[in-house]
Amino acid sequence: MKKQDMNRDWIATARTLSQALPYLQRYEGATVVIKLGGHAMGSDEAMESFARDVVLMQQVGVKPVIVHGGGPMINKLLADLGIQSEFVNGKRVTDKATVEVVEMVLSGLVNKRIVQAINGQGGRAVGISGKDANLMICEQTNPDLGFVGTPVEMDPSIVQELGEENLIPVIAPVGAGRGGETYNVNGDTAAGAIAGALKADRLLLLTDVSGVKGADGEVLTSLNSQQIRKLTDEGVIAGGMIPKTETALDALAAGVRAVVILDGRAPNACLLELYTEHGAGSLIRDSAPRVTADS
Ligand SMILES: Nc1ncnc2c1ncn2[C@@H]1O[C@H](COP(=O)(O)OP(=O)(O)O)[C@@H](O)[C@H]1O
Ligand SMILES: CC(=O)N[C@@H](CCC(=O)OP(=O)(O)O)C(=O)O
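Here is what the cut-offs are and how they apply
The residue numbers shown here count from 1 along each chain, following its written sequence. For this description, chains carry letters from A and ligands carry numbers from 1, given in the order in which they are written. Per-residue local features are limited, in this predicted model, to residues with pLDDT of at least 70; the limit for side-chain atom pairs, both in listing and counting, is 80 or more; totals at the level of whole chains, interfaces and linings are taken over all residues. No hydrogens and no water enter the side-chain calculation; it runs on all heavy atoms of the structure. UniProt positions are given in the numbering used here, feature names are shortened, and annotations may be inferred rather than shown by experiment. Strands were regarded as paired on the criterion that DSSP finds at least two bridges between them. Elements are defined by DSSP. Helices are runs of H or I of four residues or more, strands are runs of E of two residues or more, and each kind is numbered from the N terminus. Each residue is tested against the molecule or strand, and it is near if at least one of its non-hydrogen atoms lies within 4 Å. In protein, a polar contact requires one atom able to donate a hydrogen and another able to accept it; more generally it is a pair of N or O atoms within 3.5 Å, and residues adjacent in sequence count only if both atoms are side-chain atoms. Values of accessible area rely on a 1.4 Å probe in the Shrake-Rupley scheme; residue burial ignores everything except the protein chains shown.

Named according to an unreviewed UniProt entry, the protein chain is Acetylglutamate kinase originating from Celeribacter arenosi. The record held by UniProt for the protein chain lists under Function (unreviewed entry) the comment "Catalyzes the ATP-dependent phosphorylation of N-acetyl-L-glutamate." Taken directly from UniProt, the Pathway (unreviewed entry) text for the protein chain runs: "Amino-acid biosynthesis; L-arginine biosynthesis; N(2)-acetyl-L-ornithine from L-glutamate: step 2/4."

Student: Give me the lowdown on the sheet that holds strand β12 (residues 222-223), citing residues and values where you can.
Tutor: Reading across the sheet, the 8 strands line up as β5-β8-β2-β1-β11-β13-β14-β12 and stay open at both edges, with mixed pairing between neighbours. Pairing within the sheet leaves two strands with one partner each, and these edge strands are β5 (125-129) and β12. Sheet analysis places strand β1 (residues 31-36) next to strand β11 (residues 202-207), joined by 5 bridges and oriented parallel. Note that in β11 the partner of Val32 across the bridge is Arg202.

Student: Any details on the site of ligand 1? Residues and values, ideally.
Tutor: Near ligand 1 lie 16 residues; those nearest to it are His39, Thr207, Lys213, Val236 and Lys244. With respect to ligand 1, the side chain of Thr207 contributes an N or O atom lying 2.8 Å from an oxygen atom. Coverage of ligand 1 by the protein chains reaches 75% of its 580 Å² of free accessible surface. Residue assignment for the shell around ligand 1 shows that the elements contributing at least two residues are β11 and α10 (241-253).

This is the structure:
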């Protein structure tokens, strides 16, 4: 690279940093719940980049809370074990053998991979599940789905206490039933319930598309609950996007200020969303269009 071009790059970097100031101030002390979907986890490099963003966010005063999925990783182990699995309306039909595999994969392999990635970037992450300290008590969603749970009682104190100690909670979407059962909870649903219980400032749902697409296939940069209902009725919002937009609406109703659906595979997705004017992905809330530094 020529010296002149390098200077231009540095000037642009300095300008970006300087423009981030109002956003850094805006999010100081804010609770940001980030749901990392199985499809967004991708390569080790993508995981490393995600972990670096999370540690940086904490360094500048945000309280990050990570809730993860891991559907593709569960699929793999079930297939290796020869256990059949099917989904109904985006939820895995979960019998006794399946729920054991789900807990093993989510609370074990996936959870510890994220914990290790964050710690590798200089953070201090602690892996828990919805079972720990009664964070997420569940009831059966529908007898036809077996051990699939709906969160009915949340105690977010463990998450708040970890945050106060500058520890980063990494939460597997597995819940406890009142009768000692283990429940498999959709990752988006769990993230929404946790964000709602914390009254988080932001819920970021990281997935494998750039945001919610409209009928023309273009990503909508901001949308409200009315638009979501209309797009869902028209079948434009479908498949795995339905639990995400439903979660977004439930989280807003529970007191979360805004929800963003964005591409977790894009480099620095979380930083772009929080610290730049244009943000990233689709911002969902019920009032004004895009976020400004003081909203
Ligand atoms: N209107 C829409 N806009 C964007 N994606 C959509 C839409 N409708 C359905 N989808 C699908 O939803 C998928 C995201 O859900 P999913 O695969 O369950 O994600 P994750 O594993 O990250 O939780 C996208 O890859 C896309 O195929
Ligand atoms: C009930 C239910 O379907 N649970 C999900 C939990 C994992 C998840 O949600 O993973 P993603 O976010 O990667 O899709 C499952 O068994 O796959």
